[in-house]
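Structural characterization, general
Here is what each chain is made of, one letter per residue.
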Amino acid sequence: MLLSLAALGLFAAPVFAANPTARPNVVLIVADDLGYGDVGCYGARAIATPHIDRLAAQGRRFTQGYAPASTCTPSRYALMTGEYAWRQQTKQTTILDGDAPLSITPGHLTLPSLLKQAGYTTALIGKWHLGLGDGEHAVDFNGDIRPGPLEVGFDSAFFIPATVDRVPTVFIENHRVIGLDPTDPIRVSYQKRVSNEPTGAERPDLLKQRADAQHAGVIVNGISRIGSMSGGKDARWIDEDLADVIARRSARFIEAHKAKPFFLYLGTFDPHVPRVPHARFVGATQLGPRGDVIAELDWTVGEVLAALDRAGVADNTLVIVTSDNGPALFDGYFDQAEELNGDHRPAGGLRGWKYLAYEGGTRVPFIARWPGHVSVGVDERMICLSDLLATCASLTGQKLPAGTGTDSLDQLRVLTGQPGGAIRTELVEQGISNTLALRAGEWKFIPASPQQQVSGMGSGANPSDKRWGESIVREDALYNLATDPAEQVNVAAKYPATVSALRARLEKIKRSR
Ligand code: NG6
Ligand code: CA
């Protein structure tokens, strides 16, 4: 029987086995504000992350994985385009409002458009935060919302415009807000009040979590947000259900597309503020909501892995789990993240946090699994989210056209443990306040800030907030990460020649294209 099936060409397994270079599916899970030390396999003891740890045990865990920036929008811009966001001259790439214009020019090569070209079905699920439409504060959430993810390479998109703490608090599917009642149109503004509904500032008694002044706008689901919004009542999300919603959508996408190569970009909302876990994760850790939503994130990863198993495609899927920037404890909501943190180290002992150009702002968990292809182990080489473009080009046998993916390095050989290929030796790390630091070999150089004012926090933020003071670097700083990984001892005065060489190098990278 077997013989005759094989003779008929119906016995699929050997054909598949004989073709180990078959293009894998790519599942890229980008957590929001997950720190270098927030998961078990990176040293966390206070939060159990069995699914992420399992992925690491079955794959490759990088100890020098980097987000190219310490905030979401510039980091994800570089992830999508393979180009540092600060190179962009015309579009806005600082932390975007929910009604900010699209930061990527349609037609520009992106990770999804590259994979789409290779025949992949590409999907965005979850956080977007790269802008919508082409006018300033001009998005009409009641009509067709474009250009957006579909115009830069995604075949389908199920997403929120910006962050969970920003209006509008609705999901968009492809070009339309889901569940919108046309008789209850949505209005959004970050400049003025457009709603009669009470704000968090006026009715703190209605809130599940108290918030600072920036997050004290319209109240949705008992949480006050940044910005004002009216209408769209039926379309508003329930924070407690967000992880379930995106996990379910992801599983459905995987099942529906298992027969052909697919790319799933899953932007989780955890552990960004507001941290509102589903009831079944409340108390999962002793750290309060921040720890609990990391447990929820781990569950989400587990759901995706289970969906791959069920669909029978786990062996033929490259799964990457990483984060868009470093961690924050207090980030606008009084959710006891600081008070209950104990001795947990969100940044794993690195200096700084989200927003800053120190290592804690940019170095993030980075785990890759592709059974039988990505070699199992711990890797100390540098890898950056911006490298995924060139790496996926290589994975799908494509060449990047000249002038694209300037800051993307093909790391396929690093992932698969093959000799040869380029190794990343330097990286520009972008913090707020226009800070660009250069990581080069063992050195980390952070030039004195060009301006002595906090900037890049997005609309409504109070620049005198003490949390961001450290984004102003008052004098040139040089750290030797080999001997001083926590950036404690500034040796700039001791090594002036190194400082000038690194300054010149950084300037050269800035000018290069
Ligand atoms: C900041 C918000 C912060 C968070 C961040 C974006 C204030 C004071 N703070 O402007 O709460 O939303 O933007 O985070 O407004 S990120 O991960 O998407 O970059
Ligand atoms: Ca983020």
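Refer to the structure above for everything that follows.
Residues numbered from 1 in each chain as written. Chains lettered and ligands numbered in written order. Predicted model: local features only at pLDDT ≥ 70, side-chain atom pairs only at ≥ 80, totals over all residues. Heavy atoms only, no water.

1. What about the coordination of the calcium ion (ligand 2)?
Around the calcium ion (ligand 2), the protein contributes the donor atoms Asp32 (OD), Asp33 (OD), Asp324 (OD), Asp324 (OD) and Asn325 (OD1), which lie 2.2 to 2.6 Å from the metal centre. All donors of the calcium ion (ligand 2) come from a single chain, and their spacing in sequence reads D-D-x290-D-N. Summarising the burial analysis for this pair, Asp324 and Asn325 share the class buried. (Donors = N, O, S within 2.8 Å, 3.2 Å for Na, K, Ca; no water. Buried < 20%, exposed > 50% of the residue type's maximum accessible area, 1.4 Å probe, protein only.)

2. As for the pairing of strand 2 (residues 60-66)
Where burial is concerned, most of strand 2 is hidden: 7 out of the 7 residues are buried. As paired strands, strand 2 and strand 13 (residues 366-369) are joined by 3 bridges and run antiparallel to one another. Bridge assignment links Arg61 to a residue of strand 13, and that residue is Ile367. In the sheet, strand 2 pairs with strand 14 (residues 377-384) via 6 bridges, with the strands oriented parallel. Across the sheet, residue Tyr66 finds its bridge partner in strand 14, namely Cys384. (Helix = DSSP H or I, 4+ residues; strand = E, 2+ residues; numbered from the N terminus. Pairing = 2+ DSSP bridges.)

3. A short note on the site of ligand 1
Around ligand 1, the structure places 22 residues, and the nearest of them are Cys72, Asp165, Arg166, His215 and Met457. Taking Asp32, its side chain carries an N or O atom lying 3.4 Å from an oxygen atom of ligand 1. Within the side chain of Lys127, a nitrogen or oxygen atom sits 2.9 Å from an oxygen atom of ligand 1. About the coverage of ligand 1: the protein hides 100% of its 450 Å² of free accessible area. Grouping the amino acids of the shell around ligand 1 by side-chain chemistry returns 8 nonpolar, 7 polar and 7 charged. (Near = heavy atom within 4 Å. Polar contact = N/O pair within 3.5 Å; in protein donor to acceptor, adjacent residues only side chain to side chain. Areas by Shrake-Rupley, 256 points an atom, 1.4 Å probe, with all protein chains shown as cover. Nonpolar A, V, L, I, M, F, W, Y, C, P; charged D, E, K, R; others polar.)

4. A look at the sheet that holds strand 18 (residues 477-480)
The strands that make up a sheet are held in pairs by hydrogen bonds between backbone atoms, and each pair lies either parallel or antiparallel. With antiparallel pairing, the 4 strands of this open sheet are ordered in space as 15-16-17-18. The open sheet terminates on both sides in strands that have one partner only, identified here as strand 15 (426-430) and strand 18. Each neighbouring strand pair of the sheet contributes to a mean axis angle of 15°, computed without reference to strand direction. As paired strands, strand 16 (residues 436-440) and strand 17 (residues 443-446) are joined by 3 bridges and run antiparallel to one another. Looking at strand 17, one finds that Ala440 is bridged to Trp443. (Axes fitted to C-alpha atoms, helices over the stretch in contact; angles between N-to-C directions.)

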